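Now for the letters of each chain:
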Amino acid sequence: MTTRTTNPAPELRVEQLHLAYGDRTVVHGVDLTITPGRMTALVGANASGKSTLLRALARVIEPSAGRVLLDDHDLHRLPRRLVARTIGILPQAPIAPEGIRVADLVARGRYPHHGLFRGHRSDDDAVVASALSATDALELADRRVDELSGGQRQRVWIALALAQEPRILLLDEPTSALDVAHQVEVLDVLRDEVARGMTVVIVLHDLTLAARYADDMVVLAEGRIVAHGSPTEVLTEQTMRTAFGIEARIVADPDTHRPIVVPRARGAAPSAQ
Amino acid sequence: MKQRGRGAAIVVLALLAAVVASLALGARPIDLSTVMTAIVRPEWPTLDPIDAVVVRELRVPRTIVGLLAGAALGIAGAVMQGVTRNPIADPGLLGVSAGASFAIVVGLSIGVSGTLPLAATALLGALLASAVIAVLAARPRIANAPALLVVAGSAITALLVSATQLLLLSDPEALDQYRFWTVGALTARTLSDALALAPVLAVGAVVAALLARALDALALGDDVARGLGFGVRTSRAWSLVAIVLLAGTATALAGPIVFVGLVGAHLARRLAGPGHGMLLPLSGLAGAALLLVADTLGRLVAPPGEIEAGIVVAVLGAPVLIGLVRSRLGAAL
Amino acid sequence: MTTLRALRRRDRTRGLIVTAALVLVLVVLSLLALALGAVPLGPAEVVAGLLGLPGAPGSEFIVRGVRLPRLLLAVLVGAALGLAGALLQSVVRNPLASPDIIGIAQGASAAGVLVLLTGAGSAAITGGAITGALVAASLAFLLGGRGVSGARFVVVGVAIAFLAQGVLGYALTRASLVDAGSAYFWLVGSVGSPSWDDIGLVAVVLVLSALLLAVVHRMLAVQSFDDTTARALGARPVAVRVGAIVVTSLLTAVAVGAAGPIAFVAFASGPIGRGLRGRGPALGTAALVGAASVLAADLLAQHVVPGSFQPPVGLVTGALGALVLLVLLVRDDRRKEHQP
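Here the structure is a predicted model, which is why all the values come from computation and not from measurement. (Residues numbered from 1 in each chain as written. Chains lettered and ligands numbered in written order. Predicted model: local features only at pLDDT ≥ 70, side-chain atom pairs only at ≥ 80, totals over all residues.)

**As for the packing of helix H13 (residues 260–272) of chain B against helix H14 (residues 276–301) of chain B**
Residues and elements named next belong to chain B. Threshold: Lines fitted to C-alpha atoms define the axes, with helix axes restricted to the stretch in contact, and inter-axis angles between N-to-C directions lie between 0 and 180 degrees. The helix and strand labels rest on DSSP assignments: H or I over at least four residues marks a helix, E over at least two residues marks a strand, and numbering proceeds from the N terminus. Put simply, angles under 35 degrees are roughly parallel, angles over 145 are roughly antiparallel, angles from 65 to 115 are roughly perpendicular, and the rest are oblique. Definitions for this section: a left-handed crossing has its near helix turned counterclockwise from the far helix by less than a right angle. A right-handed crossing has that turn clockwise. Each residue is represented by a C-beta atom placed from its backbone, and any two residues with such atoms within 7 Å are regarded as in contact. Each residue gets one label: Ala, Val, Leu, Ile, Met, Phe, Trp, Tyr, Cys and Pro are nonpolar, Asp, Glu, Lys and Arg are charged, and the others, such as Gly, are polar.
Following both chains from N to C, one finds H13 and H14 inclined at 125°, their axes separated by 8 Å at the closest point. Taken as axis vectors, H13 and H14 run oblique relative to one another. Of the two elements, H13 crosses H14, and the hand of that crossing is right-handed. Contacts between H13 and H14 involve Val260, Gly261, Val263, Gly264, Ala265, Leu267, Ala268, Arg269, Leu271 and Ala272 from the former and Met278, Leu279, Leu282, Ser283, Ala286, Gly287, Leu290 and Leu291 from the latter. When grouped by side-chain class, the residues that make up the contact of H13 with H14 number 13 nonpolar, four polar and one charged.

What follows is the structure, encoded as structure tokens:
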């Protein structure tokens, strides 16, 4: 990215947040502060509320109770365009219009910076180019999005989010449908952005990957936070039992010393812990 | 970018050709210089008075009606496709035009008369039908299966058409007058009607133009659109306004016509890509060209009688829709 | 094991109850249809008229000559349309696809009107309707892609429906005003002018279809899976689909030929039948629902609407059917909201 402002990164926080679909409450009274400038992974079993929580942070859904705060301002009261310039979201199943080219898709990320009379200008092109090069997708610029591989496509969508020049980037399972090489590709790009001062909140289902890349981990179970802290603090056999309902062994990665989760085989003796 | 310029040029040229054909061809073919003379200098001494009448009283009005209605339907089709994320949406297919025409026939039977009041009833009918479609299209089950929306629209259309026919039955005079209009024809309205309604169409077109960026964002999914700072509900509401103004007025002018929006928007997208900044105006131009071509063909196929433009479009447009569905586009349904 | 048996028993009981209830409704409606009218008849007179017993002399004519044919036509046409709709919906795996939406009914109407305008008699009109229905169905099937998902087929069907409407429009604008009037009237759907030939034809086709479906109904259950799974289970989904479409077309065509295209009965009977029965495809229930709907709609149209104008039954079913459609489309989604 080009110059990042030297302002301190804004802080996203939720207070006593309740989220519901219709009459079904999915997130119950969650308090959470997202540390700026770091990568926070939201993990948990299916239907634990992690995607819902992310969407609330992105202002996509409204709280049924409680607040979402951006630097102590209520997120839902801030002007829409301002929020879009600060927070970027990559949802789980983004839709690309038929026949669109990569450069045009990424260019749409500049909309929050356009006004009624200010359209796409040459400095927008520069931002698009640097977003593409940050995701190593510059040579794909003229290709059609629907012709790309899964990993390439995810990188292009991340480039769109980066083109918004957000300070906070929220991603909902960006690696689900990717093979391991592409998963690592995408997470490396995100790590680079964090190094440049971006705050990243990412929902991941692969715990080991989350532990390897994230600075903080938040474990959700049935709409509540059951653990929050560094990956080593959070990923314990007890957490695996409470949040995921499985017996697992935690092993240290030989290179990074981060935890690796190894579910126990059926019939193996349960550990003493 | 160059491809877009080329695509735009193609559509503009096609439209010009269609206008020329509409003015020159028919049961009585008139060459271009005579057409120009009749329009610009009707008192020219060597001008055949019959030619002058045909051009000025018959061909020019229907060409203008065709331009206005076709452009309106084309733009409405593009907006509908963008806001429902459905590549086969069309105001005729989804019941908006049927709603407008039903409302007009209701208006007639309760004594409403005059171009603008009838057009107002058309807008009301279009609004009701569009609202139903909008509610349905927002449902996740339908949003994920575009074919379902088309089915729902076709069912709504069938009901409205049947109700319209019943109303016409109860009033034989109305039946005689309006059975030609209800199949979609460019000859049912006068030039002054068309000019009176043109401002409404212009407003609809302006609303649509202002929505171009929002439609681009909506195309990426509701979540991404919100993430880019667009209000999804407000954009949808304004799109509804544009569709009602454009499709409702087009129906008031030319009766309920299907497929023009669908095919016009599809052609425009093929030629110029999915960006709505170009797509909306090009869809309008393409829709106008298509409707004029259909009208001209209807005149040429069975002289001295003619087949109404709406029928030609229905018969020719159905294979296009079928072709669309069978192509790669259909795989996404 | 016992739970499975218990479930099956419960399912069968439910089927019996639903069928019995619908038959009861039909009997009550039929008695009303025979008794009510310009000359109200008491139950004794109705029975006397039906059996030809000596009683009030006029009642035999009224019952047998006027009301019974209308009643029979309504019931048979309703059953045929209900069955046709339910069959197609289950085979195409799309609850919103039905012969009155994917062009079969429109093809039948367009051809029927074209024949009607030549002044030919009722038999020719029915023949035209059958031809039109089969042409539309064949086009939809051939162009919609064999063995491919139901969605494409449905949209192609809608395209054909609009094409047929165009042809129909052409016929209506070329005809004389009087002819156009009778064509419009026929198009809205009415059981008001029954002929015994029509009734016989619909009855024959309905009974034959019912027999055929009773024999192959197990194949239809497998059809509810996607084609790959169905083939893995040993079924032949494409052949079943073709057969079902032919049967649907015939049923629709004779019904439309006899009474015009009565809106929405084909579409709505399937989902209502499935809802009552608790599981798909519920073909028999759908047929009963269709019969009861048309009969009830006709009674409503005849006796409930004030004044001497009797709306054709097609408009009543149209209005109610549209409601069913909207409810159906709106209802299902509460279960399928976003996954967290």
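**Thoughts on the environment of valine 294 of chain C**
Along the polypeptide, valine 294 of chain C turns up in helix H12 (residues 283–304). Among all residues touching valine 294 of chain C, those that are not within four sequence positions of it are Ala74, Val77, Gly78, Ile262, Val265, Val313 and Thr317 of chain C.

**Focus: the interface of chain C and chain B**
Counting residues at the interface gives 43 residues for chain C and 43 residues for chain B. Residue assignment for the side of chain C that touches chain B shows that the elements contributing at least two residues are helix H6 (150–174), helix H7 (177–188) and helix H13 (313–331) of chain C. Residues of the side of chain C that touches chain B, tallied by class, amount to 29 nonpolar, eight polar and six charged.

**Looking at the sheet that holds strand S6 (residues 87–90) of chain A**
Residues and elements named next belong to chain A. Here is the rule we go by: Strand pairing is assigned whenever DSSP identifies at least 2 bridges connecting the two strands.
Across the sheet, which stays open at both edges, the six strands sit in the order S6-S7-S8-S3-S9-S10 with mixed pairing between neighbours. Strands with a single pairing partner mark the edges of an open sheet, and in this sheet they are S6 and strand S10 (224–229). Averaged over all pairs of adjacent strands, the angle between strand axes in this sheet comes to 15°, irrespective of strand direction. Bridge count for strand S3 (residues 39–44) against strand S9 (residues 216–221) is five bridges, and the pairing is parallel. The residue of S9 that forms the bridge with glycine 44 is leucine 220. Together, S6 and strand S7 (168–172) form the strand contacts of helix H5 (residues 150–163), whose direction differs from that of S6 by roughly 165°.

**Digging into the nonpolar core**
Here is the rule we go by: Residues of type Ala, Val, Leu, Ile, Met, Phe, Trp, Tyr and Cys that are buried and joined through C-beta atoms within 7 Å form what is called a nonpolar core. Exposed residues have 12 or fewer other C-beta atoms within 10 Å of their own C-beta, buried residues have 20 or more, and residues in between are partly exposed; the C-beta atoms are placed from the backbone.
Val106 of chain A, Leu246 of chain B together with Val77 and Ala80 of chain C are the most contacted members of the largest nonpolar core, which has 319 residues in total. In this view, leucine 246 of chain B contacts Ala72, Ile75, Ala76, Leu201, Gly204, Ala205 and Ala208 of chain B; residues no more than four positions away in its chain are not counted.

**Notes on the pairing of S6 of chain A**
Taken residue by residue, a regular strand's side chains alternate between the two faces of the sheet. All names here are of chain A. Across the two faces of S6 the burial is the same, with Ile87 and Ile89 and Gly88 and Leu90 all buried. Bridge analysis of S6 against S7 gives four bridges, and the strand direction is parallel. Its bridge partner being in S7, isoleucine 89 is matched across the sheet by leucine 170.

**Digging into the sheet that holds strand S1 (residues 12–21) of chain A**
All names here are of chain A. Ordered in space as S2-S1-S4-S5, the four strands form an open sheet in which the pairing is antiparallel. The strands lining the two open edges of the sheet, one partner per strand, are strand S2 (24–34) and strand S5 (73–74). Note that S1 and S2 share seven bridges and pair antiparallel. What sits directly across from leucine 19, in S2, is valine 27. Across the sheet, helix H1 (residues 50–57) touches S1, S2 and strand S4 (65–70), and the angle it forms with S1 is around 120°.

**Some words on helix H3 (residues 49–84) of chain B**
All names here are of chain B. The test is simple: To estimate how far a helix should reach, multiply one less than its number of residues by 1.5 Å.
In this model H3 runs 51 Å from its N-terminal to its C-terminal C-alpha over 36 residues, within 8% of the 52 Å that 1.5 Å per residue would give. Across the 36 residues of H3, 26 count as buried, placing the element largely inside the fold. Two residues or fewer after H3 comes arginine 85, characterised by a positive phi angle close to 50°.

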